[in-house]
Amino acid sequence: QVQLVESGGGLVQAGGSLRLSCAASGRSFSRSRMGWFRQAPGKEREFVASVRWSGGTTYYSDSVKGRFTISTDNAKNTVYLQMDSLKPEDTAVYFCALKTSDYAPAYDYWGQGTQVTVSS
């Protein structure tokens with residue numbers, strides 16, 4: 001069992017920055033992959049970024065590449081999403097998620113989400 005709790009969302013002007021946090025508990029995460037997803041009203045959930053809990057290879061969607069950075073702090077059991085150069089189209093509920101390994105078919109655990117609103 002894993003619990004994920006997101007925080008750090010809010011209202012920001014276009015071009016601004018936010019850092020989202022996802023606190024994880026319930027197990028060791030050394031071999032897990034953490035991901036960030038987002039969903040705007042009326043739209044499907046989309047992948048944003050992912051990284052192994054232990055660090056290493058990262059993946060980003062084309063829409064956020066070069067603007068967002070995913071990272072982990074193992075001591076705090078927390079994964080971050082640093083969002084820079086925010087655009088109105090980044091407005092969405094952002095979810096963190098965990099898959100037990102890179103070989104798992106899907107993400108197994110999800111947080112409840114945190115709202116990010118980017119004004120023009």
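Our subject is the structure listed above.
What counts and what doesn't
- Residues numbered from 1 in each chain as written.
- Predicted model: local features only at pLDDT ≥ 70, side-chain atom pairs only at ≥ 80, totals over all residues.
- Heavy atoms only, no water.
- Helix = DSSP H or I, 4+ residues; strand = E, 2+ residues; numbered from the N terminus.
- Buried < 20%, exposed > 50% of the residue type's maximum accessible area, 1.4 Å probe, protein only.
- Salt bridge = Lys/Arg side-chain N within 4 Å of Asp/Glu carboxyl O.
- Phe/Tyr/Trp six-rings, centres within 6.5 Å; stacked < 30°, edge-to-face > 60°.
- Lys NZ or Arg CZ within 6 Å of the ring centre and 35° of its normal.

Our next topic: the environment of Ala 75. Relative to the helices and strands, Ala 75 is located in the loop between β7 (68–73) and β8 (78–83). Overall, Ala 75 belongs to the exposed group, its relative accessible area being 76%. The sequence separation of Ala 75 and Phe 37 amounts to 38 residues, and the corresponding C-alpha distance is 23 Å.

With that settled, consider the pattern of salt bridges. Inspection of every chain in the model, using the stated rule, returns 4 salt bridges. A salt bridge links Arg 38 to Glu 46, with the shortest nitrogen-to-oxygen separation between them at 2.8 Å. Taking the relative accessible area as the measure of exposure, Arg 38 reaches 4% and is therefore buried. Across the pair Arg 67 and Asp 90 runs a salt bridge, and its minimum N-O distance is 2.7 Å. Taken together, the positions of Arg 67 in the loop between β6 (58–60) and β7 and Asp 90 in the loop between β8 and β9 (92–99) put the pair 23 residues apart, joining distant regions of the chain. As far as burial versus exposure is concerned, Arg 67 and Asp 90 are alike and both buried. Linked by salt bridges that have partners in common, Arg 38, Glu 46, Arg 67 and Asp 90 make up one network.

What follows deals with the packing of aromatic side chains. Scanning all chains against the criterion turns up 4 aromatic pairs. Consider the rings of Phe 37 and Trp 110, whose centres lie 4.8 Å apart with planes at 55°: the pair is tilted. One end of the pair, Phe 37, is in strand β4 (residues 33–39); the other, Trp 110, is in strand β10 (residues 109–110), with 73 residues separating them in the sequence. For Trp 110, a relative accessible area of 33% translates into the label partly exposed. Through a chain of ring-to-ring contacts, the aromatic side chains of Phe 37, Phe 47, Tyr 107 and Trp 110 assemble into a single cluster. Here Arg 45 stacks its cationic end above the ring of Phe 95, 4.8 Å away from the centre of that ring. We note Lys 99 situated over the ring of Tyr 107; from NZ or CZ to the ring centre the distance is 5.3 Å.

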